[in-house]
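# Fold and geometry: a report
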Amino acid sequence: MKARMRMRRALCSFALALLLLAGCVWSGAAQVSTDQCSWRGSGLTHQSHVRDVEQVYLRCSEGSLEWLYPTGAVIVNLRPNTDPLLTPKHAQMVCLRPRPGSSGASVYLWRDGELTLLLSEEDQAAGRQRCFTLQQQRALFIEATAHTDISKRVTAFQYQLINGETGDQPYSPTAPCRPCTDEQILMAVCTSDFVVRGSIQVIEQADDDEEDQASLVVLSSRVYRQKKRVFVPAGGGTRASSRWTGHVKVPRKCGLRIEQGVEFLFTGSVMFGEAWLGCAPRYKDFLQVYHSAMEAGSNPCHIDTD
């Protein structure tokens, strides 16, 4: 069985290499995204004289792909908008989130002529999320799975660009649990999707089908920055409210606990509408790091700590 899988991947890699060497010339019947963020295609439009592999180019930081009745394969070239603040140490990563019921194809990473399985049909059915470093992997190879019946199948997922560190898969149940360095804390303040000062009110355990995740209910006294309003005025108040509340997801294995009367500086990313925890030092510890960097002239950005 393993030998058969290796042979299959080798053949796919060879076919993909031939396609790329051929200059990626494809038929006018190929389906291309018009908004450069999302793509929707159908295997029902396939014709016998048209190449089995289509090229798709996505040039946004987030979007989606939907492939109805998958046939043959699709190469997805990712060219998201880049952030000039990012460096190789603070790498760009792309995360994929399968849509419920996604099936009909397997998703591979392509690099240097090699294919690595990223999402199998089983992974998609289980709703498993996967992330990879954009600098190392810029193309996805989505191969339709052979089936004997003709029932409707749709391969669909969302993608989103996030900031992370090379070699990690942050903001997911597989993320490593370790304290952030002083440098990481300062950079998180500059680049995170949300930066808030507050305390943990409740730790909500996830449902059985998401046992790797927990959710922190955070009561915030100060929202420095946020994306997509994951923190809202507490008690349904106005935007001028002095208290904000929100849910922040974290891998359960990190073992966070409620510390009464302790404030933290919560930072992280918003992925698919959900806030995921990044660095979260105690606020008093953050102040020491921040003011030391200010005195040394090494602080990358400024926030009001008064």
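Thresholds applied
Residues numbered from 1 in each chain as written. Predicted model: local features only at pLDDT ≥ 70, side-chain atom pairs only at ≥ 80, totals over all residues. Heavy atoms only, no water. UniProt positions renumbered as here; feature names shortened; annotations may be inferred. Buried < 20%, exposed > 50% of the residue type's maximum accessible area, 1.4 Å probe, protein only. Helix = DSSP H or I, 4+ residues; strand = E, 2+ residues; numbered from the N terminus. Pairing = 2+ DSSP bridges. Axes fitted to C-alpha atoms, helices over the stretch in contact; angles between N-to-C directions. Disulfide = S-S within 2.5 Å. Salt bridge = Lys/Arg side-chain N within 4 Å of Asp/Glu carboxyl O.

Looking at an unreviewed UniProt entry, the protein chain carries the name Meteorin-like protein, with the source organism given as Pygocentrus nattereri. Heading Subcellular location (unreviewed entry) of the UniProt record for the protein chain holds this comment: "Secreted". Under the Sequence similarities (unreviewed entry) heading, UniProt states for the protein chain: "Belongs to the meteorin family."

Glancing now at the pairing of strand β2 (residues 53-58). Consecutive side chains of a regular strand alternate in pointing toward one face of the sheet and then the other. Burial analysis of β2 places five of its six residues in the buried class, the great majority of the element. Across six bridges, β2 lies against strand β4 (residues 73-78) in parallel orientation. Residue pairing for β4: Gln55 is matched across the bridge by Ile75.

A few words now on the sheet that holds strand β7 (residues 114-119). Taken together, five strands build an open sheet; the order of strands is β2-β4-β9-β6-β7 and the sheet is mixed. Every other strand in the sheet has two partners, leaving β2 and β7 as the edge strands with one partner each. The mean inter-strand angle of the sheet, taken between neighbouring strand axes irrespective of direction, is 30°. The sheet contact formed by strand β6 (residues 105-111) and β7 spans five bridges and is antiparallel. Directly across from Arg111, in β7, lies its bridge partner Glu114.

Before going further, it helps to examine the state of the cysteines. Taken as a whole and judged by the stated rule, the model has four disulfides. The partner cysteine of Cys37 in its disulfide is Cys60, sulfur to sulfur 1.8 Å. Residues Cys37 and Cys60 are joined by a disulfide whose S-S torsion is about -60°; by sign, that bridge is left-handed. With Cys37 in the loop between α1 (2-21) and β1 (38-42) and Cys60 in the loop between β2 and β3 (62-68), the pair connects residues that are 23 residues apart, well separated along the chain. For Cys60, a relative accessible area of 12% puts it in the buried group. There is a disulfide in this structure between Cys95 and Cys131, and the S-S distance comes to 2.0 Å. Between Cys95 and Cys131, the disulfide has an S-S torsion of 100° and is therefore right-handed. Residue Cys95 is found in strand β5 (residues 90-98), and its partner Cys131 is found in strand β8 (residues 130-133); the two are separated by 36 residues along the sequence.

What follows deals with the pattern of salt bridges. Per the stated rule, a full pass over the model turns up eight salt bridges. Across the salt bridge formed by Asp123 and Arg128, the nearest N and O atoms sit 3.1 Å from each other.

A word on helix α3 (residues 182-191). Extensive coverage of α3 is indicated by the burial of seven of its ten residues. Among the residues of α3, those classed as buried are Gln184, Ile185, Leu186, Met187, Ala188, Val189 and Cys190.

Further remarks concern the environment of Ala280. Considering the arrangement of structural elements, one finds Ala280 in the loop between β16 (274-277) and α4 (283-296). For Ala280, a relative accessible area of 28% corresponds to the partly exposed category.

Another aspect to go through is the pairing of strand β11 (residues 194-205). As paired elements, β11 and strand β15 (residues 264-271) share five bridges and run antiparallel to each other. Counterpart to Val196 in the pairing with β15 is Phe266. Bridging between β11 and strand β12 (residues 213-225) involves ten bridges; their strand directions are antiparallel. Across the sheet, residue Arg197 finds its bridge partner in β12, namely Arg222.

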